[in-house]
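Structural description and commentary
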Amino acid sequence: MCLAIPAKVVDILNDTIVEVETFGNRAQVNTSLVEGLKQNDYVLVHAGFAIEILDVQAASESLALWREIYAAQPN
Amino acid sequence: MPHNPTNPGLLSTSFPPSAWTDSPLSFEDLSLSKAMLAEVKDRLAQWHQRNNRKLTLMEVCGTHTVALSKSGIRDALRPWLDLRSGPGCPVCVTDQEDIDRMLALAALPDVTVTTFGDMMRVPGTRGNLARAKAAGADIRIVYSPLEAVAIATGEPQREVIFMGIGFETTVPTVASSIQQAVEKGLRNFSVFSVHKLAAPVIRQLLQDPELSLDGLILPGHVAAITGRRHFAFIAEAFSLPAAVTGFAALDLLAGIRDLVRQVRDQHPQVSNCYSRVVREDGNAKAWALVETFFEPGRVKWRGLNELPASGLVLRPEYAAWDARQRFPLDLPPSQPPMGCLCGEVLKGKALPFDCRHFAASCTPVHPVGPCMVSGEGTCATYYKYERRENSAHALSH
Ligand code: SF4
């Protein structure tokens, strides 16, 4: 039930509603629980709301770190 | 024990292909996952050899229970790692009495009950919501509490009750709906709150001398709202390693990897392995909204009875939107399903295999207890993914 889906903000419709895209589907979500949402941000969607904005820099840092650690390891 | 710690074969068939190709979200990277799995296996095998037992971690969140099974990680690490489910499936932890109250509310005249789909087939002492609906009760499944507000707005002649169930992740969405109802002066909308809080129940479990855990996989989406710091007490007061963890394959492995490191170094901390979502102090705006409408209350949990300040109840000033106040009920005593071990399963003390009903008289089609109903219930998850195991094997160290 705490399942939340990452989605990309593709259109800002008004003060509290944005359109997001996830897995090729579009949906409208309420943004009143987050602050300073912008177009192209990634959000975590739960029960019709954006509940957090994804930190894309933190994401790519984690991935880059792991790619570095495991690059030398055989699969 | 036959094992090959460098063979990550399972992953290649168990991981669903990711639809995300954008790099910031590609946390299902297969070759990276395989490499990390191999390393985690190695480290777990080393630990196992030194300590001559399996490492025991609890995944507190029901979504983690599903993700660990679905990804194949639970199975791949089974020779060295015992993963116990915790009290993190909201439907499963709901007390029998609250389920009976929901059923009684649905039977009231002119009432429309709105609920997340997971609740529909949870067995009450007498019947369930799905059967009540078939018998004529107006029960509607909604995806968002906002839909319940919309129904109340569109049908002013009906009393619309939303079944507020869930942890910190979900409560802000319910608080926002109450805010809409209050602002609109909507008097035919109310919330039946059985919301639960993660930290108090974790604190309770950690005081149980019978449960010996080496670490906790903390619920990433609860922490998205509460922040990492909220869980710092686990290392500070209980000296137990913990890791806030996400839900993709790489997230799960990174969380386990970090916990194995903490255990090995004997340096318990509460680390954040989901930094793209979880901040130190969480989503303050969302929590402020929760605190506007709710306050902590002493509530009942399945298998745990009453725990102080472990749930959220509507503040007295919003009694007009509180279904418990609006529709007081006098019910006969509730009875949990006979022989159902859900209460023990959600404390990590039993596995589904230990229940005599499991996969026999209790299946997803005919569930006896809530852990078999909810998509993230431990019994439903084990029914779907883990049935080749037997309890003797799974519990052996
Ligand atoms: S198998 Fe069914 S009856 Fe047994 S603990 Fe799980 S839900 Fe309860």
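The structure this text deals with has already been given above.
Notes on the structure follow. The residue numbering used here restarts from 1 in each chain and proceeds along that chain's sequence as written. Each chain gets a letter, beginning with A, and each ligand a number, beginning with 1, in the order they are written. Confidence filtering applies because this is a predicted model: local features only for residues at pLDDT of at least 70, side-chain atom pairs given and counted only at 80 or more, and all residues used for totals across whole chains, interfaces and linings. Where side-chain values are given, they derive from all heavy atoms of the structure, hydrogens and water being excluded.

A look at the site of the ligand
What counts is decided by this rule: Any residue with a non-hydrogen atom lying within 4 Å of a molecule or strand is treated as near it. Classes in brief: Ala, Val, Leu, Ile, Met, Phe, Trp, Tyr, Cys and Pro nonpolar; Asp, Glu, Lys and Arg charged; the others, Gly included, polar.
Close contacts around the ligand come from B:Cys340, B:Leu341, B:Cys342, B:Cys355, B:His357, B:Phe358, B:Cys362, B:Val368, B:Gly369, B:Cys371, B:Met372 and B:Cys379, and that covers them all. Residue classes in the shell around the ligand are distributed as ten nonpolar, two polar and no charged.

Let's talk about unusual backbone geometry
All names here are of chain B. How we decide: Where helices and strands are cited, they refer to DSSP runs of H or I of at least four residues and of E of at least two residues respectively, numbered from the N terminus.
Unusually for a residue other than glycine, serine 239 sits at a positive phi of about 50°. Within the secondary structure, serine 239 sits in the loop between helix 12 (233-238) and strand 8 (242-245). The phi angle at glutamine 266 is positive, at roughly 50°, despite the residue not being glycine.

Considerations on the packing of helix 9 (residues 171-184) of chain B against helix 14 (residues 284-293) of chain B
Residue and element names in this part refer to chain B. For clarity, the threshold we go by: Structural elements are reduced to axes, namely lines fitted to C-alpha atoms, with helices fitted over the stretch in contact, and the angle between N-to-C directions of any two is expressed from 0 to 180 degrees. Under this scheme an angle from 65 to 115 degrees is roughly perpendicular, one under 35 degrees roughly parallel, and one over 145 degrees roughly antiparallel; angles in between are oblique. By convention the crossing between two helices is left-handed if the near helix lies anticlockwise of the far one by an angle smaller than a right angle, and right-handed if it lies clockwise. Between two residues, a contact is recorded if the distance between any of their heavy atoms is within 4.5 Å.
Two numbers describe how helix 9 lies on helix 14: the axes approach to 8 Å, and their chain directions differ by 60°. Between helix 9 and helix 14, the crossing angle belongs to the class labelled oblique. When you trace helix 9 past helix 14, the crossing you get is left-handed. Two secondary-structure elements touch here, helix 9 through Val171, Pro172, Ala175, Ser176, Ile178, Gln179 and Val182 and helix 14 through Ala286, Leu289, Val290 and Phe293. Grouping the amino acids of the contact of helix 9 with helix 14 by side-chain chemistry returns nine nonpolar, two polar and no charged.

Describing the pattern of salt bridges
Residues and elements named next belong to chain B. Rules: What counts as a salt bridge is simple: a side-chain nitrogen of Lys or Arg found within 4 Å of a carboxyl oxygen of Asp or Glu. In this scheme, a residue with accessible area under 20% of its type's maximum is buried, one over 50% is exposed, and one in between is partly exposed, where area comes from a 1.4 Å probe on protein chains only.
All told, the structure shown has 30 salt bridges over all chains when counted by the stated rule. Lysine 349 serves as the salt-bridge partner of aspartate 208, at 2.7 Å between the closest nitrogen and oxygen. Residue aspartate 208 is located in the loop between helix 10 (198-206) and strand 7 (215-219), and its partner lysine 349 is located in the loop between helix 16 (342-345) and helix 17 (378-385); the two are separated by 141 residues in the primary sequence. For aspartate 208, a relative accessible area of 18% translates into the label buried. One connected set of salt bridges, linked through shared partners, spans Glu59, Arg74, Asp75, Arg78 and Glu386.

Concerning the environment of B:Tyr382
Residue and element names in this part refer to chain B. With respect to the helices and strands, the residue tyrosine 382 is situated in helix 17. Residue class for tyrosine 382 comes out buried when judged on its relative accessible area of 3%. Taking the C-alpha atoms as reference points, tyrosine 382 and alanine 350, 32 residues apart in sequence, are found 12 Å from one another. Ignoring anything within four residues of it in the chain, the contact list for tyrosine 382 reads Arg74, Leu83, Ser85, Leu351, Pro352, Phe353, Phe358 and Arg387.

A few points about the interface of chain A and chain B
Interface size is often expressed as the accessible area that is lost when the parts come together. Stated formally: Buried area is a sum: the accessible area each of two parts loses on coming together, probed at 1.4 Å, counted once for each and added. Two N or O atoms form a polar contact when they lie within 3.5 Å of each other; inside protein one atom must be a possible hydrogen donor and the other a possible acceptor, and for residues adjacent in sequence the pair counts only when both atoms belong to side chains.
Facing the 38 residues of chain A at the interface are 50 residues of chain B. Each partner contributes to the roughly 3800 Å² buried at the junction of chain A and chain B, and carbon and sulfur atoms together form 66% of this total. Viewed at the interface, chain B and chain A are joined by twelve residue pairs in polar contact (both at pLDDT 80 or more). At nine residues, the largest contribution of residues to the side of chain A that touches chain B is made by helix 1 (residues 56-71) of chain A. When its residues are assigned to classes, the side of chain A that touches chain B shows 24 nonpolar, eight polar and six charged.

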